[in-house]
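Chain by chain, the residues:
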Amino acid sequence: MDRGLCVVQPYLPEARGVDSPTLVITDNTAADGLFPVFDQVFTSMWERSRPV
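K.L.:
Is there a simple way to think about the side chain of S20 in this case?
P.N.:
For S20, the position within the fold is in the loop between β1 (5-8) and β2 (23-26). Accessibility expressed as a relative area gives 17% for S20, which makes it buried. Within polar-contact distance, the side chain of S20 engages the backbone oxygen of P10 at 2.4 Å. When near neighbours in sequence (up to four residues on either side) are disregarded, S20 contacts Q9, P10 and L12.

Below you can see the structure in the form of structure tokens.
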């Protein structure tokens, strides 16, 4: 597991018929960026999840 790298494909609800870009984001703790945003979203969803 690499805590400094994530691969995301954001959902674009207003862009029907358009492929969503896939992004590879590295954690740069020295600057603001997308990594903390996606990390927060993932962590929130992971904590709310239940086994199926």
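After presenting the structure, the write-up continues.
K.L.:
For this particular structure, what's the right way to read a nonpolar patch on the surface?
P.N.:
Residues L5, V7 and V24 make up a contiguous nonpolar surface patch of roughly 280 Å² in combined accessible area. Mapped onto the elements, V24 comes out in strand β2.

The rules behind the values
Residues numbered from 1 in each chain as written. Predicted model: local features only at pLDDT ≥ 70, side-chain atom pairs only at ≥ 80, totals over all residues. Heavy atoms only, no water. Helix = DSSP H or I, 4+ residues; strand = E, 2+ residues; numbered from the N terminus. Buried < 20%, exposed > 50% of the residue type's maximum accessible area, 1.4 Å probe, protein only. Polar contact = N/O pair within 3.5 Å; in protein donor to acceptor, adjacent residues only side chain to side chain. Contact = heavy atoms within 4.5 Å. Patch = residues over 30% accessible without salt bridge, like charges linked within 9 Å, V, L, I, M, F, W, Y side chains within 5 Å. Areas by Shrake-Rupley, 256 points an atom, 1.4 Å probe, with all protein chains shown as cover. Salt bridge = Lys/Arg side-chain N within 4 Å of Asp/Glu carboxyl O.

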